[in-house]
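# Secondary and tertiary structure notes
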Amino acid sequence: MTTPHLSDAELAGQPAAYWTGVAYESLIAFTRARQAEHGFTQPQFWLLRNLSPNDLLPGGGGLTVPELRQAMASYLRAEDDLDAEAEVLRERGWLSRDVDGRLRITEAGEAARVRLKQHAPAIRARIHEGVDDADYVTTLKVLRQMIRNTGGTG
């Protein structure tokens, strides 16, 4: 559905919470669809990143699913099933699980993480198409200020 063109005065009266929600859902759906075209899910990529000593787990050593869920709490969605996603990655040989339930990224998983990461710039470019960098930065500054104004941290 397309929205009609709104004047600046009409836009100024629009609720930010509504539009940020619409933007969030659209951006997540777009990103996940592009990743699916390349044969992986966003939670699978997050698992690889959170288990990689070359990315978000500098010391390595592995994590359990509950530890991973806690580490990803700010960006996991309700429908994301880390147990199932980890099992898919284990079956692909990208993760291993020890007797204590700790997941570790394998060499094949690290290679996959690097390959999958290569798709991010194209996805970002498509999302940012027609958006000036200065406008993007201003938008983020405005959103961060609104978050602070309402007692959030951002």
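Before reading on, note that the structure itself is shown above.
Below: a short report on this structure. (Residues numbered from 1 in each chain as written. Predicted model: local features only at pLDDT ≥ 70, side-chain atom pairs only at ≥ 80, totals over all residues. Heavy atoms only, no water.)

### A word on the pattern of salt bridges
Throughout the structure, instances matching the rule amount to 11 salt bridges. For Arg113, the salt bridge goes to Asp55, with nearest N and O atoms at 3.2 Å. One end of the pair, Arg113, is in helix α6 (residues 107–117); the other, Asp55, is in the loop between α3 (42–51) and α4 (65–71), with 58 residues separating them in the sequence. On the accessibility criterion, Arg113 (5% relative accessible area) is buried. (Salt bridge = Lys/Arg side-chain N within 4 Å of Asp/Glu carboxyl O. Helix = DSSP H or I, 4+ residues; strand = E, 2+ residues; numbered from the N terminus. Buried < 20%, exposed > 50% of the residue type's maximum accessible area, 1.4 Å probe, protein only.)

### A short note on the packing of helix α2 (residues 16–37) against helix α7 (residues 120–128)
As a packed pair, α2 and α7 sit with axes 11 Å apart at the nearest point and diverge in direction by 145°. Of the two possible hands of crossing, α2 and α7 adopt the one that is right-handed. Of the residues in α7, those in contact with Leu27, Phe30, Thr31, Arg34 and Gln35 of α2 are Ile123, Arg126 and Ile127. Partitioning the contact of α2 with α7 into residue classes produces 4 nonpolar, 2 polar and 2 charged. (Axes fitted to C-alpha atoms, helices over the stretch in contact; angles between N-to-C directions. Left-handed = near helix turned anticlockwise from the far one by under 90°. Contact = heavy atoms within 4.5 Å. Nonpolar A, V, L, I, M, F, W, Y, C, P; charged D, E, K, R; others polar.)

### What to know about the packing of α3 against helix α5 (residues 82–91)
Contact geometry for α3 and α5: axes closest at 9 Å, N-to-C directions at 75°. Judged on the interaxial angle alone, α5 and α3 are roughly perpendicular. Each of Pro43, Gln44, Leu47 and Leu48 in α3 lies in contact with α5, whose residues at this interface are Leu82, Glu85, Ala86, Val88 and Leu89. (Parallel < 35°, antiparallel > 145°, perpendicular 65-115°, else oblique.)

### Digging into the packing of aromatic side chains
Applying the stated criterion across every chain, the model contains 3 aromatic pairs. Taking the centre distance of 4.8 Å and the plane angle of 80° together, the rings of Tyr18 and Trp19 count as edge-to-face. In this structure Trp19 comes out as partly exposed when scored by relative accessible area, which is 31%. Cation over ring: Arg92 sits above Trp94, and NZ or CZ is 5.0 Å from the ring centre. (Phe/Tyr/Trp six-rings, centres within 6.5 Å; stacked < 30°, edge-to-face > 60°. Lys NZ or Arg CZ within 6 Å of the ring centre and 35° of its normal.)

### Quick word on the side chain of Thr31
Within the fold, Thr31 resides in helix α2. Setting aside residues no more than four positions away along its own chain, Thr31 makes contact with Gln42, Ile123 and Ile127.

### So, the layout of surface pockets
Reported here for the largest pocket is a volume of approximately 1400 Å³. If you trace the largest pocket, you find 35 residues lining it, with Ala23, Tyr24, Leu27, Ile127 and Tyr136 closest to the centre. Listed by contribution, the elements that provide at least two residues to the lining of the largest pocket are α2, α3, α7 and α8 (133–149). Ranked by residue count, the leading element in the lining of the largest pocket is α2, at 11 residues. (1 Å grid on protein atoms, 1.4 Å probe; cavity = no way out; pocket = protein on both sides within 12 Å on 5 of 7 lines; lining within 4 Å. Points joined across faces, edges and corners; volume = space filled by probe spheres on them.)

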